[in-house]
Number of protein chains: 2
Amino acid sequence: NTNCSGMSPKITLELLRQLRQAMKSSKYVSEPIQAYIIPSGDAHQSEYIAPCDCRREFISGFNGSAGTAIVTEQHAAMWTDGRYFLQASQQMDSNWTLMKMGLKETLTQEDWLISVLPENSRVGVDPWIIAADQWKSMAKALSGAGHSLVAVQENLIDAIWVDRPARPSTQLIALGLKYTGLTWQEKVVALRSKMSERKISWFVVTALDEIAWLFNLRGSDIEYNPVFFAYAIVGMRTIRLFIDEKRMVNADVREHLQLDTPSSSELSIQLAPYESVHSELCAICAGLGPREKVWISDKASCALTEAIPKVHRSLIPYTPLCLSKAVKNPTEIQGMKMAHIKDAVALCELFAWLEKEIPKGTVTEISAADKAEEFRSQQLDFVGLSFPTISSVGPNGAIIHYRPLPETNRTLTLKEIYLIDSGAQYRDGTTDVTRTVHFGTPSAYEKECFTYVLKGHIAVSAAIFPNGTKGHLLDSFARSALWDCGLDYLHGTGHGVGCFLNVHEGPCGISYKTFADEPLESGMILSDEPGYYEDGSFGIRIENVVLVVPAKPKYNYRNRGSLTFEPVTLVPIQVKMINTEMLTQKERDWLNEYHRQCRDIVGAELERQGRKEALDWLIRETQPIA
Amino acid sequence: NTNCSGMSPKITLELLRQLRQAMKSSKYVSEPIQAYIIPSGDAHQSEYIAPCDCRREFISGFNGSAGTAIVTEQHAAMWTDGRYFLQASQQMDSNWTLMKMGLKETLTQEDWLISVLPENSRVGVDPWIIAADQWKSMAKALSGAGHSLVAVQENLIDAIWVDRPARPSTQLIALGLKYTGLTWQEKVVALRSKMSERKISWFVVTALDEIAWLFNLRGSDIEYNPVFFAYAIVGMRTIRLFIDEKRMVNADVREHLQLDTPSSSELSIQLAPYESVHSELCAICAGLGPREKVWISDKASCALTEAIPKVHRSLIPYTPLCLSKAVKNPTEIQGMKMAHIKDAVALCELFAWLEKEIPKGTVTEISAADKAEEFRSQQLDFVGLSFPTISSVGPNGAIIHYRPLPETNRTLTLKEIYLIDSGAQYRDGTTDVTRTVHFGTPSAYEKECFTYVLKGHIAVSAAIFPNGTKGHLLDSFARSALWDCGLDYLHGTGHGVGCFLNVHEGPCGISYKTFADEPLESGMILSDEPGYYEDGSFGIRIENVVLVVPAKPKYNYRNRGSLTFEPVTLVPIQVKMINTEMLTQKERDWLNEYHRQCRDIVGAELERQGRKEALDWLIRETQPIA
């Protein structure tokens, strides 16, 4: 049901020939390699990647968000999951074999390699873009079958990629205390206190959002993610930042990082070239005492992980920065709330505008998404979108990761459900909101399904749970009403949201899929987004960003304390889509209180901004239900 | 608040001296060992163990269900968890150090060993009672610190245990088709078909309940668990049963196993001594072709696991027998239902009797438990209890694993809540039921708490969920009403229940603690037992055994099908304890329908058995609520 591109496949015969030549060339490898693995990621294991890192797309044509390519002397194969079977088959030419992950008959990468390789083969991979744990399991499987996994220092795709874009080096923004609540110096001190608690000498920071958060800096190297390419190594007395020095000429940034101010040496930053992180880390490790330990994320690249000798290496699933960043401080919370009020203003405008324009038959998925961006861009401190807008009409709404393209673009009408999942980056916060609306008269069945989803949304949002509860334990609350009538949705219920950072961040979430999430804590910010998707007909999703706050129920078992959620998103939920008879009194009360907050808080801002039509729309859409 | 025994600690000085001598004796070890590990379990990783396997208790005096002892030349240390801190400290003398697991400052066994051992130490353990995965992690930690883990073939506790009881060799019962629904031959054929599907040549069966289930045999080697000591190795053309041959003289059993009847050689059983399993397995492995694989549970002993060379070894978390056993066939379901009806008859009699007797002031926790056993023993096919009865009054009810002892025995009164968690083994099924009742007038607070627990019980029991859902996803449903007012309970919500087998069995369960449970399937039988415990005051638990059955909700998303639970336990839930105003209409309907079933089904059986007083009690206790 999805025709993702309509594009013809990329012609890859010549590229594959060049790659296979490189695999044998003494310029790159001491001995020929019989296979080369091309993972999806960048050297920081980012979810979104920059154009210069789209190596798997370059060699194969397939540009989905997940996929691993392996090229041998005879074969070229691509592993991807069910979301991308159709798209990959359309974007790749006949030189490629699609390996459909999740199907029983599909071999794993390891088993496939073992089945096609000649004896004693060497399999190459760039150690910078394969995570240490993936390296380990692949190396083990190959060696068990008499082959070996080989780190190829120069990336062989880069070697044959003539017009490869340069690594972005965008201008940095220094965020003041007004946005961050804590200076980067305070963050370094807090980090060091955690390091000293656990007797850690050094911490190697590899995740881009952790570096941005630590130094209170933002960039725009990767679309939608306000991050910049850098590494950091923090010791108890030194701070090293590995970054393109050209971007350090900006006076604001120099001042912010106190680069030209003599300061306490423990809090002065030593700059070094981005590329020198490996040699610097090796130099640091060479000087370690016998019991000294170095922290690095267990998701970091093989290259950096292996630079730390095993006796000194301490792998951690969630770094202290990841955990600190997830718990927003009062300033960040205030900023997130402000960003969401501004975002709500833009969406009220959008919905008021759509109501007027749709009857003319000229609004499409793409133009509606553009209009949403236009309204958002008028708000203070707007920086850009936080992810590609999902703007979908009727059957397109059932494609969960839909992005409208000219070939799929449908017109908004009075007859079909419209789902818009969108968000923005503002200097004070990141937004992510989904609303599902009907501009005519929804059918009884559409209302019924919408109401189940709403019940699930409220069940999570209003849930009270003990301190220390992990988010995955709340996932079933979102599904209960759907399950009761035999329905469900095949995605998680919520993800962590950064503060003017990545719209998806760990270590918390609400999903049936994981068990390794960290317990929820007051100050964490997540999405709450159950849905229902009827293939070929419509999609429904109701998403708010919510803040974890202390709850004060009647009792306090073992003094553990309780938590609940407070909606941060303040955009009306369309009452027309609700079968109000299906709601309990508690659910009605929740909805009326939510709409009261939307009216009071967003209404005041609309008034202040003089946006009269949107204010009228808001007041109409937030009338209490009986 | 728990005084588990009142016993004085065991005097262990002399025993420890003897053990330390054995650790240096060339009779047992080629070179002296500097530490010896004494795990809790038996060679089959049973939850309950026979007296001859209580080695950790023998050496230390501590008889809780969980604990590991380690003895070095200088130290003796015991690791156990929070349930047993008090008990262990009372049962062990000053030669022992209690290592409180779960506290931050407590070293792990590995770290403690490394901290106390001299350089290049040898640590011994009996490879038959340590699981292969525990061996692996311990060996790795020790070798990382320059020590080594050594398999000591003769158990050193057995070597110094003068009066060690013999391994039980109780009489076996052969279960006919009327109880099992499938002959053991049919089960072997089904097992082989799964083996051939996965290209497995041999399967080593080590869990006692799997062996009992496969051969439709029961024993009484371990209290409460109708199992017997044996191993089995099943190949595509042979079946070997390793068992004490003395118990094979019974004509019924010989006939059942067709030991004297010439039959198709593929289905004839070869008997061998229990002790010969290791040498036989080695002989089998010596004859394997290069690609042949042997299945063994990943929880099996190190000794048996290591007997299979790594290239042939296929470790499985849940064996095909464990999975087949969990899904009850129609005959087993019918048997479980019958057993629960008989069990309900006994409990109706108990509660009617208690009502009459308690006012006299002569009923205690122990005498009530004895009376329950007496009533149960009058029922057809009664074999014994399925676990020690938890019979607890007032504050004792808050001790989750309470078992009344003369020193703790309280009298049942009209003033305190009484909690009884009990069950039995019948030839047709295993029962496990908890009821919490008040024989006077419960306080408003007690009723409030009881009603939260009841709401949780109903939320699980009435839940509808998609095929393929794992039990842990239902755990929060049981807690939601408690969480809403700040309460909770610190145990799981449900466990699998065997059919005339162990009252606790895998691979399914309902708990926040695990993620590795297998999806629920129609035919599985579990407990549903939320609770609430107020330390020093009372305990509440409402437990039914429930059967997973297909549900037929309005819709059927992606044709996945839905499941729900059907109560198998049919004992009234005391209405006096309920604040009915707190129930929703759906909950009231559930309760009335449940009580209607109790009245109709158990009432008919009480009538048939002519138990008039209990019938009157049942009819009174099952009146519908408004």
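Scoring rules and cut-offs
Residues numbered from 1 in each chain as written. Chains lettered and ligands numbered in written order. Predicted model: local features only at pLDDT ≥ 70, side-chain atom pairs only at ≥ 80, totals over all residues. Heavy atoms only, no water. Helix = DSSP H or I, 4+ residues; strand = E, 2+ residues; numbered from the N terminus. Rg over C-alpha atoms; globule rule 2.2 N^0.38 Å. Buried < 20%, exposed > 50% of the residue type's maximum accessible area, 1.4 Å probe, protein only. Areas by Shrake-Rupley, 256 points an atom, 1.4 Å probe, with all protein chains shown as cover. Lys, Arg positive; Asp, Glu negative; His and termini not counted. Charge placed at Lys NZ, Arg CZ, Asp CG, Glu CD. Patch = residues over 30% accessible without salt bridge, like charges linked within 9 Å, V, L, I, M, F, W, Y side chains within 5 Å. Salt bridge = Lys/Arg side-chain N within 4 Å of Asp/Glu carboxyl O. Contact = heavy atoms within 4.5 Å. Buried area = accessible area lost by both parts, 1.4 Å probe. Polar contact = N/O pair within 3.5 Å; in protein donor to acceptor, adjacent residues only side chain to side chain. Axes fitted to C-alpha atoms, helices over the stretch in contact; angles between N-to-C directions. Nonpolar A, V, L, I, M, F, W, Y, C, P; charged D, E, K, R; others polar. UniProt positions renumbered as here; feature names shortened; annotations may be inferred. Least-squares fit on C-alpha atoms with pLDDT ≥ 70 in both. Pairing = 2+ DSSP bridges.

### Focus on the overall build of chain A
Link 1 in the chain: Looking only at helices and strands, chain A has 19 helices and 28 strands in total.
Link 2 in the chain: In summary, chain A has a C-alpha radius of gyration of 26 Å against a globular reference of 25 Å for 626 residues, a match within 12%.
Link 3 in the chain: Based on the C-alpha atoms only, the size of chain A along its principal axes is roughly 75 × 60 × 50 Å.
Link 4 in the chain: Scored against the burial criterion, the 626 residues of chain A give a buried share of 60%.
Link 5 in the chain: About 24,700 Å² of surface is accessible on chain A, with carbon and sulfur atoms providing 53% of the total.
Link 6 in the chain: Each charge class in chain A can be summarised by its mean position, and for the 64 positive and 75 negative side chains these summaries are 4 Å apart.

### Describing a positive patch on the surface
Link 1 in the chain: Positive charge collects at one region of the surface, where K136, K140 and K310 of chain A together with K136, K140 and K310 of chain B lie side by side.
Link 2 in the chain: Counting residues per element, the ones that place at least two in the positive patch are helix 5 (132-144) of chain A together with helix 5 (132-144) of chain B.
Link 3 in the chain: Note that K310 of chain A resides in the loop between helix 12 (302-307) and strand 14 (313-316).

### Some thoughts on the interface of chain A and chain B
Link 1 in the chain: In this complex, chain A contributes 35 residues to the contact, which on the side of chain B involves 35 residues.
Link 2 in the chain: Interface area, chain A with chain B, both sides summed: about 3,200 Å², of which 58% is carbon and sulfur.
Link 3 in the chain: Three residues stand out in chain A for area buried against chain B, namely W483, Y555 and Y557 of chain A, and they jointly supply 23% of the buried area on that side.
Link 4 in the chain: At the junction of chain A with chain B, the criterion picks out eight salt bridges.
Link 5 in the chain: For D484 of chain B, the salt bridge identified is with K586 of chain A, shortest N-O distance 3.9 Å.
Link 6 in the chain: Linking chain A to chain B there are 14 residue pairs in polar contact (both at pLDDT 80 or more).
Link 7 in the chain: Here the side of chain A that touches chain B gets five residues from one element, more than from any other, and that element is helix 17 (residues 475-484) of chain A.

### Notes on the packing of helix 8 (residues 184-197) of chain B against helix 9 (residues 208-215) of chain B
Residue and element names in this part refer to chain B.
Link 1 in the chain: Look at helix 8 against helix 9: their axes get within 7 Å of each other, and the N-to-C directions meet at 115°. Every residue of helix 9 that contacts helix 8 at W184, K187 and V188 is listed here: W213, L214 and F215.
Link 2 in the chain: Looking at the contact of helix 8 with helix 9 residue by residue, the class counts come to five nonpolar, no polar and one charged.

### A look at the pattern of salt bridges
Any two side chains of opposite charge can pair, so long as their charged atoms come close to each other.
Link 1 in the chain: Scanning all chains against the criterion turns up 76 salt bridges over all chains.
Link 2 in the chain: The shortest N-O distance in the salt bridge between R596 of chain B and E593 of chain B comes to 2.8 Å. On the criterion of helical spacing, the pair formed by R596 of chain B and E593 of chain B is a turn pair, its members being three residues apart in helix 18 (residues 585-608).
Link 3 in the chain: Owing to a relative accessible area of 35%, R596 of chain B belongs among the partly exposed residues under this scheme.
Link 4 in the chain: In this structure E593 of chain B comes out as partly exposed when scored by relative accessible area, which is 34%.
Link 5 in the chain: Three or more residues joined by partner-sharing salt bridges are found here, namely D53, R55, D158, R164 and R167 of chain A.

### Points about the UniProt feature "domain: Peptidase M24 C-terminal" (unreviewed entry) in chain A
Link 1 in the chain: Listed under "domain: Peptidase M24 C-terminal" (unreviewed entry) in the UniProt record, and renumbered for this structure, are residues 563-625 of chain A.
Link 2 in the chain: The span residues 563-625 of chain A is 54% helical and 8% strand by assignment, and the distance between its end C-alpha atoms comes to 28 Å.

### Side note on the relation of the copies chain A and chain B
Link 1 in the chain: Relative to chain B, chain A is turned by 180° and slid 0.1 Å along the rotation axis, the superposed coordinates differing by an RMSD of 0.1 Å. Those values place the two copies in the arrangement expected of a two-fold rotation axis.
Link 2 in the chain: A share of 100% of the interface residues of chain A reappears at the interface of chain B, consistent with the copies meeting face to face through the same patch.

### What to know about unusual backbone geometry
Residue and element names in this part refer to chain A.
Link 1 in the chain: G506 connects to P507 through a cis peptide bond whose omega is 0°.
Link 2 in the chain: The phi torsion at F500 lies on the positive side, around 45°, for a residue other than glycine.
Link 3 in the chain: Residue position: F500 is located in the loop between strand 22 (494-496) and strand 23 (505-510).
Link 4 in the chain: Owing to a relative accessible area of 1%, F500 belongs among the buried residues under this scheme.

### A short note on the pairing of strand 14 (residues 313-316) of chain B
Link 1 in the chain: Both strand 13 (residues 294-297) of chain B and strand 14 of chain B contribute to a ladder of four bridges, which runs parallel. In the strand pairing of strand 14 of chain B, I296 of chain B is matched with L315 of chain B.

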